[in-house]
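# Overview (structure and organization)
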Amino acid sequence: MKLVMAVVQDKDTNRLINALGEKNFQSTKLASTGGFLKEGNTTIMIGCKDENVDEVLDIIKTNCSNREQMVAPISPMGGNADSYIPNPVKVEVGGATVFVLPIESFYQF
Ligand code: 2BA
């Protein structure tokens, strides 16, 4: 068994969870925050059989889109000069960042 953890953009979350559900994959949605943009994103946990990992990855790929996002200037006031961003800059936020972890045991009590 594997645990697929996908960090996705909030906008894609409902579509992804619905698409997983249509193929009978169970999922859990966690509210998360990106370390760089410090904005909300969503982490979806999907426990599945080893042989279903590729299908889950395909569903994630199909339902999550890359988007460009502007990072607002960050004032150096009270902050560290290393993190100073003088002008808005564009960053491309990926459709999904996915980790596949082995599961040692799975219980439901
Ligand atoms: P954030 O950390 O908010 O990053 C959002 C996007 O900002 C990233 O998109 C990347 O394009 C850009 N970015 C991140 N760090 C940067 C830096 N030091 N300099 C310039 N640009 C930078 P993605 O790579 O698609 O990541 C989307 C979200 O996935 C991340 O949000 C974070 O929540 C998660 N993530 C990405 N890689 C991860 C990792 N190795 N471990 C844990 N979470 C990760």
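Before reading further, recall that the structure is shown in the block above.
First, a word on scope: everything that follows refers to the structure included in this document. (Residues numbered from 1 in each chain as written. Predicted model: local features only at pLDDT ≥ 70, side-chain atom pairs only at ≥ 80, totals over all residues. Heavy atoms only, no water.)

### Re helix α2 (residues 53–63)
Among the residues of α2, Val53, Val56, Ile59, Ile60 and Asn63 are the ones counted as buried. One side of α2 holds all its buried residues, which, seen down the axis, span an arc of 125°. When the buried face of α2 is taken as reference, the exposed residues oriented beyond 90 degrees from it are Asp54, Lys61 and Thr62. Check the buried side of α2 and you find it contacts β1 (2–8), α1 (10–22), β3 (40–48) and β6 (96–102). (Buried < 20%, exposed > 50% of the residue type's maximum accessible area, 1.4 Å probe, protein only. Helix = DSSP H or I, 4+ residues; strand = E, 2+ residues; numbered from the N terminus. Arc of directions from axis to C-beta. Contact = heavy atoms within 4.5 Å.)

### Focus: the side chain of Thr13
Tracing the backbone through its elements, the reader meets Thr13 in helix α1. The class for Thr13 is buried, based on a relative accessible area of 2%. Of the polar contacts made by the side chain of Thr13, one reaches the backbone oxygen of Asp10; its length is 3.0 Å. A polar contact is formed between the side chain of Thr13 and the side chain of Thr42, at a distance of 3.2 Å. In contact with Thr13, not counting residues within four places along its chain, are Val8, Lys29, Thr42 and Ile44. (Polar contact = N/O pair within 3.5 Å; in protein donor to acceptor, adjacent residues only side chain to side chain.)

### Remarks on unusual backbone geometry
The backbone of Asn24 sits at a positive phi, close to 65°, despite the residue not being glycine. Relative to the helices and strands, Asn24 resides in the loop between α1 and β2 (28–33). For Asn24, a relative accessible area of 69% puts it in the exposed group. Residues other than glycine seldom take positive phi values, yet Lys38 does so here, at roughly 55°. Along the polypeptide, Lys38 turns up in the loop between β2 and β3.

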